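# Examining the three-dimensional arrangement
If you want the building blocks of each chain, they are given just below.
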Amino acid sequence: MTFFIHTYGCQMNVRDSEAVAAELVRAGYARAPDEDSADLVVVNTCSVREKAEDKALGKLGLLCKSKRERPSRVVGVMGCMAQRMAESLFRRIPQLDFAVGSRAARHIPSIVGEIAAGATQVWFPGELSDFDVPHGHLPSGIAAFVTVLLGCNRRCSYCIVPDVRGPEHSRPAAEVIAEAKALVASGVREITLLGQSVLRYGRQGEDVWAGAAPSPMGFTEPFPRLLEALAAIPGLRRIRFTSGHPSGCTAELARAFRDLPQACRHLHLPVQSGSDRILREMRRGYTSGEYLAALERLRGAVPDISITTDIIVGYPGETEDDFEATRRLMRAARFDNSFIFKYSPRPGTPSAALVDDVTPEEKDRRNKVLLADQDELGLGNGGEWVGRETEVMAEGPSLRNKSRWSGRTSQNKIAVFDPPEGVRPGDLVRVRIVRANPQTLFGEDAAITGRAAAIGKEQK
Ligand code: SAH
Ligand code: SF4
Ligand code: F3S
């Protein structure tokens, strides 16, 4: 039996899909090359905005229709929307075979077995407090995700994530480090640590460092300490993490960025709004001034750090003045990139009780204004790289022009360059930047400075 997992939503979902795929492979299922040929299709879903749910529901509807021609096909749903809609999914889509809660994905192989034995419409909620979730990996390329923090305890007023992902739980550091070591042994060179508020790692009372020796660099905060421990793994060249929150941008984090060469100079630090009034209503826990102070702390230690963000336009009651405050904050923060979202009321969240009073047209207008502002900022930020040399981790042929290669800089900017003779994915390449557009750098004179394979051999 072959399977395919279709993924919506954030990187955590991408990671969960991989872990479920690894469980299915372990249970004897084979990965299908594409969705059409798969006997089992699982849709991993997102609830963060209504549109994300509409897409997943549309997809599930089509897949279930395909069962008319292929009655033996199994269609299931996992992830945040499955958690939120639960059994009601079977009323909407009667042909759906199974749904699992967001912390119950490890049961998918056995549920598929039950369905093969004749069960129908299986709903397996699991417990949101459960933290026994799959962490297996599939053989992959040079980069991998590692989840370090499940769930979220922040409860921003607009956000469904705490309801669908459950309470925060930090994995023991020893477990994360072992997972990272195994990935490096399999050829991975870059790891991205995932958590909804990843800088809160180890701050919920659980002792993630139980029994460990003190930090050689003298870190006392759990997250910088985790970075330090991962940086000590031979062959792991790059460490990224997402998402940040200003409260985690401490002096120790700034020092970790500065003193650990493996810590990539990039942080995704969602700001959501530049209006202090809206930030308070959103329960974000900081003012625009505190947000900018957090940026200064990081930039003081690492001047070329790149900062990206998320912004919501059209939060209930957002006035033209609030919106202009967001525009001003964007300029003051000099973001390298911004993801702009139109506010979407999510059932059961505190802000869903407010009147969604910014019209769709106005949300659309504010969205476009911020995108244009960001393009201007991005052009300026990209331009600062022209004439400089920078290190890129080579990924492979560029999507647009196969004769050139692309990769990412430490700042997470895409760089395109002519491949030096013999370059392999995972190699570090030094390039001179000659041109920039808002999100891409164009380099010349690429030269290999670090070999992926050489590191692999050192380890043997
Ligand atoms: N945990 C991350 C965000 C996860 S959700 C953090 O707090 O940093 C990703 C983004 O979706 C958020 O940053 C926010 O900008 C957006 N978002 C969340 N809920 C939303 C809603 N109800 N309407 C519109 N955008 C929303
Ligand atoms: Fe949602 Fe806020 Fe948690 Fe991010 S920190 S997932 S926006 S509740
Ligand atoms: Fe991610 Fe969407 Fe769930 S953003 S955590 S998949 S609601």
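Keep in mind that this is a model prediction, so the values were computed, not measured. (Residues numbered from 1 in each chain as written. Chains lettered and ligands numbered in written order. Predicted model: local features only at pLDDT ≥ 70, side-chain atom pairs only at ≥ 80, totals over all residues. Heavy atoms only, no water.)

### Observations concerning the environment of T326
Put simply, the rule reads: Think of it this way: any DSSP run of H or I at least four residues long counts as a helix, any run of E at least two long counts as a strand, and we number them from the N terminus. In this scheme, a residue with accessible area under 20% of its type's maximum is buried, one over 50% is exposed, and one in between is partly exposed, where area comes from a 1.4 Å probe on protein chains only. Throughout, a contact is declared for two residues whenever any of their heavy atoms are within 4.5 Å.
If you trace the backbone, T326 turns up in helix 12 (residues 320–333). The class for T326 is buried, based on a relative accessible area of 2%. Separated by 51 residues in sequence, T326 and S275 place their C-alpha atoms 6.0 Å apart. Those residues in contact with T326, other than ones at most four positions away along the chain, are S273, G274, S275, I311 and L370.

### Regarding the packing of aromatic side chains
Describing an aromatic ring pair means giving the distance of the ring centres and the angle of the ring planes. This is how the line gets drawn: To pair, rings of Phe, Tyr and Trp, with the six-membered ring standing in for Trp, must have centres within 6.5 Å; the planes then decide the type, stacked if under 30 degrees apart, edge-to-face if over 60, and tilted in the middle.
Evaluation of the coordinates by the stated rule reveals five aromatic pairs. Ring plane angle 40° and centroid distance 5.9 Å describe the contact between Y286 and Y291, whose orientation is recorded as tilted. Consider the rings of Y291 and F335, whose centres lie 6.1 Å apart with planes at 65°: the pair is edge-to-face. Of this pair, Y291 sits in helix 11 (residues 288–301) while F335 sits in the loop between helix 12 and strand 14 (337–342), and the two are 44 residues apart along the sequence. Using a relative accessible area of 0% as the deciding quantity, one classes F335 as buried.

### Digging into unusual backbone geometry
Residue S243 is bonded to the preceding T242 through a cis peptide linkage, with omega at -5°. By the element assignment, S243 lies in the loop between strand 11 (238–242) and helix 9 (251–259). Of note in the backbone geometry, Q121 takes a positive phi value of approximately 45° without being a glycine. Turning to its location among the elements, Q121 is positioned in the loop between helix 5 (108–116) and strand 6 (122–124). You can call Q121 partly exposed: its relative accessible area is 37%. Notably, Q272 is not glycine yet its phi reads approximately 75°, a positive angle. Here Q272 shows up in the loop between strand 12 (266–268) and helix 10 (276–282).

### What to know about the site of ligand 1
Applied cut-off: We call a residue near a given molecule or strand whenever any one of its heavy atoms falls within 4 Å of it. N or O atoms closer than or at 3.5 Å make up a polar contact, with two conditions inside protein: a donor-capable atom paired with an acceptor-capable one, and, for residues adjacent in sequence, both atoms drawn from side chains. Computed with the Shrake-Rupley method and a 1.4 Å probe, the accessible areas treat only the protein chains shown as cover for residues.
Taken together, the neighbourhood of ligand 1 is formed by 15 residues, with Q196, P270, Q272, D310 and S344 sitting nearest. R284 has a polar side-chain atom sitting 3.5 Å from an oxygen atom of ligand 1. S344 is positioned with one of its backbone polar atoms (N or O) 2.8 Å from a nitrogen atom of ligand 1. Compared with its free state, where it exposes 550 Å², ligand 1 has 88% of that area covered by protein. Elements that contribute at least two residues to the shell around ligand 1 include exactly strand 13 (306–313) and strand 14.

### What about the environment of S110?
By the element assignment, S110 lies in helix 5. Along the primary structure S110 and C159 are separated by 49 residues, whereas in three dimensions their C-alpha atoms are 32 Å apart.

### So, the pattern of salt bridges
This is how the line gets drawn: Salt bridges are counted wherever a side-chain nitrogen of Lys or Arg sits within 4 Å of a carboxyl oxygen of Asp or Glu.
In this structure the tally under the stated criterion is 38 salt bridges. With its nearest N and O atoms 3.4 Å apart, the salt bridge here joins D132 to R106. On the criterion of sequence distance, the pair formed by D132 in the loop between strand 6 and strand 7 (143–147) and R106 in the loop between strand 5 (98–100) and helix 5 is long-range, its members being 26 residues apart. We classify D132 as partly exposed; its relative accessible area is 44%. Two residues, E389 and R430, come together in a salt bridge whose shortest N-O distance is 3.6 Å.

### Thoughts on the domain arrangement of the chain
Cut-off, in case you're wondering: Each domain's extent is set by a domain assignment, obtained either automatically or from a database.
As far as domains go, the chain holds domain 1 (2–124), domain 2 (143–383) and domain 3 (389–459). For domain 1 versus domain 3, the distance between C-alpha centres works out to 37 Å.

### With respect to helix 11
Defined as follows: The length a helix should cover is 1.5 Å for every residue beyond the first. This arc describes the spread of directions from the helix axis toward the C-beta atoms.
Taking 1.5 Å of rise per residue, the 14 residues of helix 11 would be expected to cover 20 Å, and the 20 Å separating its terminal C-alpha atoms lies within 8% of that figure. Residues of helix 11 that are buried: S288, Y291, A294, L295, L298 and R299. Projected down its long axis, helix 11 shows its buried positions confined to an angular sector of 130°, all on one face. Its buried side turned inward, helix 11 meets helix 9, strand 12, helix 10, strand 13 and helix 12.

### Considerations on the site of ligand 2
We apply this condition: Amino acids outside the nonpolar list (Ala, Val, Leu, Ile, Met, Phe, Trp, Tyr, Cys, Pro) and the charged list (Asp, Glu, Lys, Arg) are all regarded as polar, and Gly is one of them.
As a structural note, the neighbourhood of ligand 2 is formed by C152, R154, R155, C156, Y158, C159, V161, P162, Q196 and R284. Within the shell around ligand 2, the residues separate by chemical class into six nonpolar, one polar and three charged.

### Focus on the side chain of R404
Relative to the elements of secondary structure, R404 occurs in the loop between strand 15 (389–397) and strand 16 (405–409). A distance of 3.1 Å separates a polar atom in the side chain of R404 from the backbone oxygen of G443. When residues no more than four places from it in sequence are discounted, the contact partners of R404 are P397, S398, V416, F417, D418, P419, F442 and G443.

### Re helix 5
Taken as a whole, helix 5 has its buried residues at I108, P109, I111, V112 and I115. Along the long axis of helix 5, the arc covered by the buried residues comes to 160°, so they all point the same way. Where helix 5 is buried, its residues contact helix 1 (11–26), strand 3 (40–45), strand 4 (74–79), strand 5 and strand 6. One or two residues past the end of helix 5 sits G118, with phi positive at roughly 115°.

### Observations concerning the sheet that holds strand 14
Note the cut-off: Paired strands, in this sense, are two strands between which DSSP finds at least two bridges. With axes taken as lines fitted to C-alpha atoms, and helix axes fitted only over the stretch in contact, angles between N-to-C directions fall between 0 and 180 degrees.
On the basis of which strands lie adjacent, the open sheet formed by three strands has the order 12-13-14 and parallel pairing. The outermost strands of the open sheet, each flanked by one partner alone, are strand 12 and strand 14. Neighbouring strand axes in the sheet, compared pairwise and without regard to direction, differ in orientation by 15° on average. On top of the sheet, helix 13 (residues 360–383) reaches strand 13 and strand 14; it is set at about 180° to strand 14, its chief contact.

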